[in-house]
Amino acid sequence: MDKSFKIAFIGLGVMGGPMTGHLARAGFSVAAYNRSPQRADSWRKTWDQEGLEVAFADTPANAAQGADVVCICVGNDEDLASVTTSTGGVLEAMSEGALLIDHTTTSSDMARRLGGVCAERSIAFVDAPVSGGQAGAQNGRLAIMCGGSDEAMARATPVMEAYAKSIVHVGPIGAGQTAKMANQMCIAGVLGGLSEAIRLAQGAGLDLDKTYEAISGGAAQSWQMDNRWATMANDEFEFGFAVDWMRKDLGYALDEAKRLGLSSPISSLVDQFYAEVQASGGSRHDTSSLISRLPKAKS
């Protein structure tokens, strides 16, 4: 893709902010919008210090004016609608032949509906939720699961390569979101088991470092174990992917499973456990805070 193409990025949160920075470093012409002016100002100062050129707009439509590609990373279905199809949204300004890449984790129904609106306006669309968390966004090492046409994917891939380690075209529009639901179900199940395993090791008085060393080289190994074992054992949760967002994602997954007539008892149970974490004040804690609802063994 021609690096002189203009890219608009909507949503400068813990994921979207670093992703926008990577696009600017890659040499693209970038305009940005964020609903919170304070966060936009913070990113502006950060990029100014680095010497990156990112233009800032006061509405999504203004950011998207003249853009060849618009990328979005916001919170949920409602947030996505507010910056796309609502008054002042990007679709007001996008031209025929432009490309919309949505990195928000939404329902698959939302992806299909937005894809339909884009098709009516001759705008290409890819639903492209990401995995890898804040660290993945900062390091440009996100895993992206995508839904859309072959043509749209061919155009979107050179853009996403600026912040991705893995880009997989799963299927048609909506397939990326469904794959992300499967991803979140896997994480929920793994964290449930990992929480109980750490409490067992603690209760038995095992050396936690040696226990990790012993089991992480075998079939129990996982990203969550490698990256969260130590912090979970130390009750450190002030970072990472928030419980609020995990519950939102699991809600989409459970709704999709219900729509398909499928049973998801483990995901449903872990979702209830996360509700307990929320109720105890852990809404913004990392998803590994699931362990906090399990009391330690009495000494």
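### Regarding the state of the cysteines
In a disulfide, the sulfur atoms of two cysteines are covalently bonded to one another. Inspection of every chain in the model, using the stated rule, returns zero disulfides. Unpaired in terms of disulfides, Cys118 finds its nearest cysteine sulfur in Cys71, a separation of 13 Å. Assessed through its relative accessible area of 0%, Cys118 is described here as buried.

### Structural notes on unusual backbone geometry
Positive phi, normally seen in glycine, also occurs at Ser122, with a value near 60 degrees. Within the element layout of this structure, Ser122 appears in the loop between helix H5 (108-120) and strand E6 (124-127). You can call Ser122 partly exposed: its relative accessible area is 42%. A positive phi angle, near 55 degrees, is found at Asp235, a position not held by glycine. By secondary structure assignment, the location of Asp235 is in the loop between helix H10 (223-233) and helix H11 (243-259).

### So, the packing of helix H4 (residues 77-84) against H5
The geometry of a pair of packed helices is captured by two quantities: the angle between their axes and the separation between those axes. The geometry of H4 relative to H5 is characterised by a closest axis approach of 10 Å and an angle of 15 degrees between their N-to-C directions. Viewed along their axes, H4 and H5 adopt a mutual orientation that is roughly parallel. With respect to the hand of their crossing, H4 and H5 are arranged in right-handed fashion. Here Asp77, Leu80, Ala81 and Thr84 of H4 come into contact with H5, specifically with Met110, Arg113 and Leu114. Taken together, the residues that form the contact of H4 with H5 break down as four nonpolar, one polar and two charged.

### Notes on the nonpolar core
Residues Ile101, Ile144, Met160 and Tyr163 are the most contacted members of the largest nonpolar core, which totals 34 residues. The biggest single contributor to this core is helix H7 (residues 150-160), with five residues. Once you skip the residues sitting within four places of it in the chain, Ile101 turns out to touch Val69, Val70, Cys71, Ile72, Val126, Ala128, Ala156, Val159 and Met160. Judged by nonpolar contacts, the second largest core, of 23 residues, contains Ile72, Leu91, Ala93 and Leu100.

### Regarding the pattern of salt bridges
By the definition in use, this model includes 13 salt bridges. Across the pair Asp286 and Arg228 runs a salt bridge whose closest N-O atoms are separated by 3.1 Å. Of this pair, Asp286 sits in the segment after helix H12 (265-279) while Arg228 sits in helix H10, and the two are 58 residues apart along the sequence. The burial state of Asp286 is the same as that of Arg228; both residues are buried. Between Arg247 and Asp271 there is a salt bridge; the shortest N-O distance is 3.0 Å. Note that Arg247 is positioned in helix H11 and Asp271 in helix H12, a separation of 24 residues in sequence. Classification of Asp271 by relative accessible area gives buried; the value is 11%.

### Focus on the packing of aromatic side chains
Counted under the stated rule, the structure contains three aromatic pairs. Here Trp43 and Trp47 contribute two aromatic rings whose centre-to-centre distance is 5.2 Å and whose plane-to-plane angle is 25 degrees, an arrangement assigned as stacked. Of the two residues, Trp43 and Trp47 are both situated in helix H2 (residues 37-50); the distance of four residues between them amounts to about one turn of the helix. Judged by relative accessible area, Trp43 falls into the buried class, the value being 19%. Pairing Tyr212 with Trp229 gives two aromatic rings, centres 6.0 Å apart and planes at 45 degrees, and the pair type is tilted. With Tyr212 in helix H9 (residues 208-216) and Trp229 in helix H10, this pair connects stretches of sequence that are 17 residues apart. Using a relative accessible area of 24% as the deciding quantity, one classes Tyr212 as partly exposed.

Rules behind the numbers
Residues numbered from 1 in each chain as written. Predicted model: local features only at pLDDT ≥ 70, side-chain atom pairs only at ≥ 80, totals over all residues. Heavy atoms only, no water. Disulfide = S-S within 2.5 Å. Buried < 20%, exposed > 50% of the residue type's maximum accessible area, 1.4 Å probe, protein only. Helix = DSSP H or I, 4+ residues; strand = E, 2+ residues; numbered from the N terminus. Axes fitted to C-alpha atoms, helices over the stretch in contact; angles between N-to-C directions. Parallel < 35°, antiparallel > 145°, perpendicular 65-115°, else oblique. Left-handed = near helix turned anticlockwise from the far one by under 90°. Contact = heavy atoms within 4.5 Å. Nonpolar A, V, L, I, M, F, W, Y, C, P; charged D, E, K, R; others polar. Core = buried A, V, L, I, M, F, W, Y, C linked by side-chain atoms within 4.5 Å. Salt bridge = Lys/Arg side-chain N within 4 Å of Asp/Glu carboxyl O. Phe/Tyr/Trp six-rings, centres within 6.5 Å; stacked < 30°, edge-to-face > 60°.

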